[in-house]
Amino acid sequence: MQGFYSKLDSSPSSSPLLGAGHGGEGVPVPLSLAVETEKAQALLQTFSSASLLASAGLGMICVVADHALQLSVIQHHLWLRAVLDNATHGLVGLWSWAIVIGLRKKSDLYEVLLAGLLASLIDLDHFYMAGSMSLKAAVSLPQRPPLHCSSLIPVLCLSLRFLMWIGRLKDAWCSLPWMVFVSMATHHVRDAVRHGLWMCPFGNTAPLPYWLYVSTTATLPHLCSVLMYLTGTRDVISTKHGVAIDV
C-alpha cells in the first residue's frame with residue numbers, strides 16, 4: 001500500500017507507511033477505513049446529480065440522433081446515412097464511457113475516445129461478412145455479421161480479463177474489459193430497436209421498444225459502474241492512482 005494517500009487524509013503528518021492518518025479533529029483514521037469510505041463515496045457518486053444529468057443527456061443524444069436520421073435528405077443518401085448512423089454509435093459509446101470514468105485528466109480523454117472508436121469499429125464486420133467494400137452489399141446481408149452477436153460480449157470481456165491476468169496487465173489495463181463491454185453493449189442495444197438482440201445460438205429476440213432502448217442506454221453506464229465496484233476494479237484503479245474513481 002506504500003504510495004497510496006487517501007483523499008480523506010489531509011494531514012501533512014500522515015504517512016502511508018504507518019497505515020493511518022488524522023481526521024479533521026486530530027483523530028487517527030486507519031488507512032483501511034479511509035479506503036472503504038472512499039469506495040462507498042465512489043459508489044454513491046455513481047448516482048450523483050451530475051452523473052444522472054449526464055445520463056439524461058445521453059438519452060437525449062439517442063433521441064435527437066435517431067430522429068435526425070429519419071430526415072428524407074439523409075434517408076435518400078446511403079453513404080450519408082451510414083456515416084451518421086455509425087457516428088451516433090461512436091458518440092453513444094464515447095459518452096457512456098465518460099459517465100463511467102469521469103474526465104479528470106488527459107488519459108481519461110484518450111480512454112473516452114477509444115471507447116467511441118470501438119463502438120464505431122464494430123460495424124466493420126458488415127464489410128467482412130459481405131466480402132466487399134461495397135456499402136450496398138454491406139447493408140444488404142442475408143444474416144447478421146459476427147460482432148453483432150450479443151452472446152459474444154461476455155465471452156470477449158472475460159477472455160480479455162483472463163489474458164490480462166496471464167500477462168500481468170490487470171492493474172494497468174483493468175478497465176479495458178469494461179470499456180469493451182460498454183462499447184459493444186451500447187451498439188447492440190441501439191441496433192436491437194430494429195433487429196432485436198442476436199443471442200447466439202438461441203436466435204434473435206423481438207425488437208426492443210424504443211423507450212426500453214433509450215432507458216437501457218441511459219442506465220447502462222451506472223450498471224457498469226456498480227459492477228466495477230462489486231468486482232473490485234474501481235479499488236484497483238483507486239489504489240494505482242491514489243484517488244477514488246467516480247462518475
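Residues numbered from 1 in each chain as written. Predicted model: local features only at pLDDT ≥ 70, side-chain atom pairs only at ≥ 80, totals over all residues. Heavy atoms only, no water.

Explain a nonpolar patch on the surface to me, please; I cannot follow it from the model alone.
Together, Leu103, Leu109, Tyr110 and Leu113 give the surface a local cluster of nonpolar side chains, amounting to about 410 Å² of exposed area. Examined against the element boundaries, Leu103 turns out to sit in the loop between helix H4 (78-101) and helix H5 (106-121). (Patch = residues over 30% accessible without salt bridge, like charges linked within 9 Å, V, L, I, M, F, W, Y side chains within 5 Å. Areas by Shrake-Rupley, 256 points an atom, 1.4 Å probe, with all protein chains shown as cover. Salt bridge = Lys/Arg side-chain N within 4 Å of Asp/Glu carboxyl O. Helix = DSSP H or I, 4+ residues; strand = E, 2+ residues; numbered from the N terminus.)

In this structure, what is going on with the pattern of salt bridges? I would like to understand it.
Any two side chains of opposite charge can pair, on the condition that their charged atoms come close. Counted under the stated rule, the structure contains four salt bridges. Asp108 is the partner of Lys105 in a salt bridge, and the nearest nitrogen-oxygen pair spans 3.3 Å. Since its relative accessible area comes to 37%, Lys105 is described here as partly exposed. Of the residues examined, Asp108 reaches a relative accessible area of 5% and is grouped as buried. (Buried < 20%, exposed > 50% of the residue type's maximum accessible area, 1.4 Å probe, protein only.)

Sorry if this is basic, but what is going on with the confidence of the model for the protein chain here?
Looking at the protein chain, the pLDDT average stands at 81 and 74% of residues meet or exceed 70. Confidence over residues 1-21 falls short of pLDDT 50; this stretch has 42 contacts with residues more than four positions distant or in other chains. Counting interchain partners and residues more than four positions distant, the pLDDT-below-50 stretch residues 240-247 has 34 contacts. (pLDDT = per-residue confidence, 0-100. Contact = heavy atoms within 4.5 Å.)

Explain the packing of aromatic side chains here, please?
Geometrically, a pair of aromatic rings is defined through the distance of the ring centres and the angle of the planes. With the rule as written, the count across this model stands at three aromatic pairs. Measuring from centroid to centroid gives 6.3 Å for Trp178 and Phe181, while their planes differ by 85°, and the two rings are edge-to-face. Within this pair, Trp178 and its partner Phe181 are both found in helix H9 (residues 176-195), separated by three residues, close to a single helical turn. Accessibility expressed as a relative area gives 13% for Trp178, which makes it buried. Note on Phe181: relative accessible area 18%, which makes it buried. (Phe/Tyr/Trp six-rings, centres within 6.5 Å; stacked < 30°, edge-to-face > 60°.)

Just to check I follow, could you spell out the nonpolar core for this structure?
Within soluble globular proteins, side chains that are nonpolar tend to cluster in buried spots. Residues Trp97, Val100, Phe181 and Cys224 are the most contacted members of the largest nonpolar core, which totals 19 residues. At the level of elements, H4, H5, helix H8 (152-166), H9 and helix H10 (210-230) are the ones that each hand at least two residues to this core. Setting aside its immediate chain neighbours within four residues, Trp97 contacts Gly102, Glu111, Val112, Ala115, Ser175, Trp178, Met179, Val182, Cys224 and Met228. The next biggest cluster of nonpolar side chains, apart from the first, holds eleven residues, and it includes Leu58, Ile61, Ile99 and Tyr213. (Core = buried A, V, L, I, M, F, W, Y, C linked by side-chain atoms within 4.5 Å.)

Even after reading the chapter, I still don't get the environment of Leu169, so can you show me in this structure?
As for its position among the elements, Leu169 is in the loop between H8 and H9. Residue classification places Leu169 among the partly exposed residues on the basis of a relative accessible area of 39%. In contact with Leu169, not counting residues within four places along its chain, are Met164 and Cys174.

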